[in-house]
Amino acid sequence: MWIVTLYLILSAVSARPSFRLNSCSECRAAFFTLKTLADQSPGNELGFEVANKLCKMSHLEKDEVCLGLSAELGPVFLASLSDHYFDPDFACFKLGYCESPIFVKENLTDWMSQVLSDKPNGLEPVAKSKATVRFAHLTDLHFDMEYLAGSDEDCGLPLCCRSGSGKAGRWGSFKCDLPVETLDIAIKSLANQTVDFIVWTGDSPPHNVWNQSQAYQLSYITKATQLLRQHFPDTPIYPVLGNHGCYPFNIYGFGEEAWLTDTLSDLWGPFLPEGAAESLKTIGSYSVLHPGSKLRVISLNTQACYNYNFRLLKDATDPGKLIEWLRAELDTAERNGELVYIAGHLPPGYGDCLDAWSWHYNTLIERYVHIVKGQFFGHTHWDHFYINRGVFSGLPVAVEWVAPSLTSYTYLNPSYRIFEADAASFDIANIYQYRMNLAKAAVDPYSVPVWDLAYDFLSEYGVVDLKPETIAALYEQFNHDETLMVRYLNNKFTGGLLGPKECGPNCRQKEACEVNFGVNQLVRECQKSVDNISNEMLNFLFGPWVYKL
Ligand SMILES: [Zn+2]
Ligand SMILES: [Zn+2]
């Protein structure tokens, strides 16, 4: 009952006047009681039991899945909560009942103003060259070494196609993760492209999230790395950590995951420029110069903003000091006349990214937009984007490009993309989206499937460039033009089974809100949505930022 009790207390004290506590001392007494109860209980067992009961009550998963997930996530959730939120000093300060000599709330507006105060004005655009660079963006491989062709794809678990008999095809299933054979031909297909480098934004393990281990996650990250290096021995690869690389999945405490970060450092460090190996060890992120160029590639560990990373409940104030680090890296890049690509797993515009972190990120993008020439993310498995807007002006500033997944999970065609950019300014010129047609592959399992060019962005949407103003205007157009919106949505869902045939005014409004902002708080306000109660609750629990003096 901990989670329910806590939720009731927090929502009562914050939102419902009739439930409001009357004073600092009442608040302290309430949280003191909670803390005493928590301290008396054997944390691991209690966390497991509560999570397991809630999971079973929801009837969403089979018992074995509930057991596995509760054992993995329950204790972390409860321990992180009790560490911070059951502390009367912290909780009553955060809820506004007590003054505190220890904690201070960040004034976000002041921080934004301060960051933007020295934003350079009227800069000359970087000269373009006649040459282009081409690079691949690969994300969310989620391959499954236990995938079995001819097995059951409707087994009732979150991941199937591993046993029984059924319709799981040789090259994959719309309901399952990717067979190793399909991963292999995907990488071979990519190897036939001419690319100058590869951005690889995480999530290699499959979705059997209830029965994994540290060794299990590492075996997938290692295999994916080896396969990519085998086919691209001389091509720079810039990898990123995703939420499924962590164990338990989603959970990452900065400075506490040596089993993972040491391995990533050993695995990726040798083919990355100097400094990356050390930085991976400490923050799971790195910032390096692409060889022979002025392009800085920043690989960002977005577990710092993931709302299902319950470890952040201990302290969601700039986890890993990643925002501070990113600001310093961008500042150095500006002073050195460098241009920057940012690669991360979780798009800061998506609802899974905590609002407070996202506001900070968007402010940095706005401040350094003259040097940040590209932002590349994955995680959603869809083909879409988010428009970063000025935090005060609301004007379009930049675009977060989200690439669709290599896995078909769920109802998607396996995808990878190629970007074309100017070789001097690194401005993105066009996007070439490649897909494997899974339904077609199922018809003829004896032929090796091919990866076709599904579209190129400029031709598909009839635009002349990919500037943020152009993308924002395109979206205005989507809002009025159903045919165009339906085309976009079918691309968003990779030509798979989720693409709609129509999208009326409400559907268009919802979709337009979804991409029009780089902070999900604004998306929720725009959509006036009440359907995303879990995001509301998690954002309430985690943010705004509070610093300890
Ligand atoms: Zn992910
Ligand atoms: Zn994923």
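Please refer to the structure higher up on the page.
Worth saying up front: this structure is predicted, and the values here are computed from it rather than measured.

### A word on the coordination of the zinc ion (ligand 1)
Looking at the zinc ion (ligand 1), one finds its protein donor set to be Asp203 (OD), Asn243 (OD1), His345 (NE2) and His379 (ND1), positioned 2.1 to 2.2 Å from the metal centre. Considering all four donor atoms around the zinc ion (ligand 1), angles at the metal cover 89 to 163 degrees and the coordination shape is irregular. Each donor residue of the zinc ion (ligand 1) belongs to the same chain, and together they define the spacing D-x39-N-x101-H-x33-H. Metal-to-metal, the separation of the zinc ion (ligand 1) and the zinc ion (ligand 2) is 3.5 Å; aspartate 203 coordinates the two. In this pair, aspartate 203 sits in the loop between strand 5 (197–200) and helix 8 (214–231) while asparagine 243 sits in the loop between strand 6 (237–239) and helix 9 (258–268), placing the two residues 40 residues apart along the sequence.

### Points about the sheet that holds strand 15 (residues 451–456)
Strands pair in a sheet through their backbones, by hydrogen bonds, and they do so in one of two ways: parallel or antiparallel. Here we have six strands laid out as an open sheet, ordered 6-5-2-13-14-15, and mixed in their pairing. Pairing within the sheet leaves two strands with one partner each, and these edge strands are strand 6 and strand 15. Neighbouring strand axes in the sheet, compared pairwise and without regard to direction, differ in orientation by 25 degrees on average. For strand 2 (residues 132–138) and strand 5, the ladder comprises four bridges, and the chain directions are parallel. Residue pairing across strands places alanine 136 opposite isoleucine 198, the latter belonging to strand 5.

### Describing the nonpolar core
For soluble globular proteins, nonpolar side chains are generally found buried alongside one another. Trp401 and Phe457 are the most contacted members of the largest nonpolar core, which has 126 residues in total. A total of seven residues in this core trace back to one element, the largest contributor, which is helix 8. Cys27, Ala91, Leu354 and Leu538 belong to the second largest nonpolar core, which has 36 residues in total.

### So, the coordination of the zinc ion (ligand 2)
Around a metal, the idealised angle for a tetrahedral arrangement of four donor atoms is 109.5 degrees; for an octahedral arrangement of six donor atoms it is 90 or 180 degrees. Taken together, Asp140 (OD), His142 (NE2), Asp203 (OD) and His381 (NE2) make up the full set of protein donors to the zinc ion (ligand 2), lying 2.1 to 2.4 Å away. Coordination at the zinc ion (ligand 2) comes from four donor atoms whose angles at the metal span 85 to 176 degrees, giving a geometry best classed as irregular. Along the chain, the residues donating to the zinc ion (ligand 2) fall in the pattern D-x1-H-x60-D-x177-H. According to the relative accessible area criterion, aspartate 140 is buried, its value standing at 0%.

### Quick look at the state of the cysteines
Enumeration over the complete set of coordinates arrives at seven disulfides. Between cysteine 24 and cysteine 98 runs a disulfide, and the two sulfur atoms are separated by 2.1 Å. Because the sign of the S-S torsion sets the handedness, a value of about 110 degrees for the bond joining cysteine 24 and cysteine 98 places this disulfide among the right-handed ones. Within this pair, whereas cysteine 24 is found in helix 2 (residues 24–40), its partner cysteine 98 is found in the loop between helix 5 (88–94) and strand 1 (103–105), the two being separated by 74 residues in sequence. Relative accessible area serves as the criterion here: at 29%, cysteine 24 is assigned to the partly exposed category. Here cysteine 503 connects covalently by a disulfide to cysteine 507, the sulfurs 1.9 Å from one another.

### Considering the pattern of salt bridges
Under the counting rule described, the total for this entry stands at 18 salt bridges. When the shortest N-O distance is used, the salt bridge between arginine 28 and aspartate 89 registers 2.7 Å. Taken together, the residues arginine 28 in helix 2 and aspartate 89 in helix 5 connect sequence positions 61 residues apart. Glutamate 181 is the salt-bridge partner of arginine 170, the closest N and O atoms lying 2.7 Å from each other. Taken together, the residues span a long stretch of sequence, with arginine 170 in the loop between strand 3 (143–144) and strand 4 (178–179) and glutamate 181 in helix 7 (residues 180–191) at a distance of 11 residues. A relative accessible area of 36% places glutamate 181 in the partly exposed class. Connected through salt bridges with shared partners, the residues Asp118, Glu334 and Arg367 form a single ionic network.

### What to know about the packing of aromatic side chains
According to the stated counting rule, one finds 34 aromatic pairs in the structure shown. On the basis of an interplanar angle of 70 degrees and a centroid distance of 6.1 Å, the ring pair of tyrosine 455 and tyrosine 461 is categorised as edge-to-face. For the pair shown, tyrosine 455 and tyrosine 461 are each scored as buried. Three or more aromatic residues joined by ring pairs form one cluster here, namely Phe385, Trp401, Tyr455, Phe457, Tyr461, Tyr475, Phe478 and Tyr488. It is lysine 105 that lies over the ring of phenylalanine 93; its NZ or CZ is 5.5 Å from the centre. Just above the ring of tyrosine 368 sits the side chain of arginine 367; from NZ or CZ to the centre is 4.2 Å.

### Examining helix 16 (residues 482–492)
Inspection of helix 16 places Leu484, Met485, Val486, Tyr488, Leu489, Asn491 and Lys492 among the buried residues, and these make up the whole buried set. Lining the buried residues of helix 16 we find strand 11 (384–389), strand 14 (428–436), strand 15, helix 14 (457–461), helix 15 (468–480) and helix 17 (505–515). Positive backbone phi, approximately 55 degrees, marks threonine 494, located one or two places after helix 16.

Cut-off values and rules
Residues numbered from 1 in each chain as written. Chains lettered and ligands numbered in written order. Predicted model: local features only at pLDDT ≥ 70, side-chain atom pairs only at ≥ 80, totals over all residues. Heavy atoms only, no water. Donors = N, O, S within 2.8 Å, 3.2 Å for Na, K, Ca; no water. Tetrahedral: all angles 85-135°; square planar, octahedral: opposite > 155°, others 65-115°. Helix = DSSP H or I, 4+ residues; strand = E, 2+ residues; numbered from the N terminus. Pairing = 2+ DSSP bridges. Axes fitted to C-alpha atoms, helices over the stretch in contact; angles between N-to-C directions. Core = buried A, V, L, I, M, F, W, Y, C linked by side-chain atoms within 4.5 Å. Buried < 20%, exposed > 50% of the residue type's maximum accessible area, 1.4 Å probe, protein only. Disulfide = S-S within 2.5 Å. Salt bridge = Lys/Arg side-chain N within 4 Å of Asp/Glu carboxyl O. Phe/Tyr/Trp six-rings, centres within 6.5 Å; stacked < 30°, edge-to-face > 60°. Lys NZ or Arg CZ within 6 Å of the ring centre and 35° of its normal. Contact = heavy atoms within 4.5 Å.

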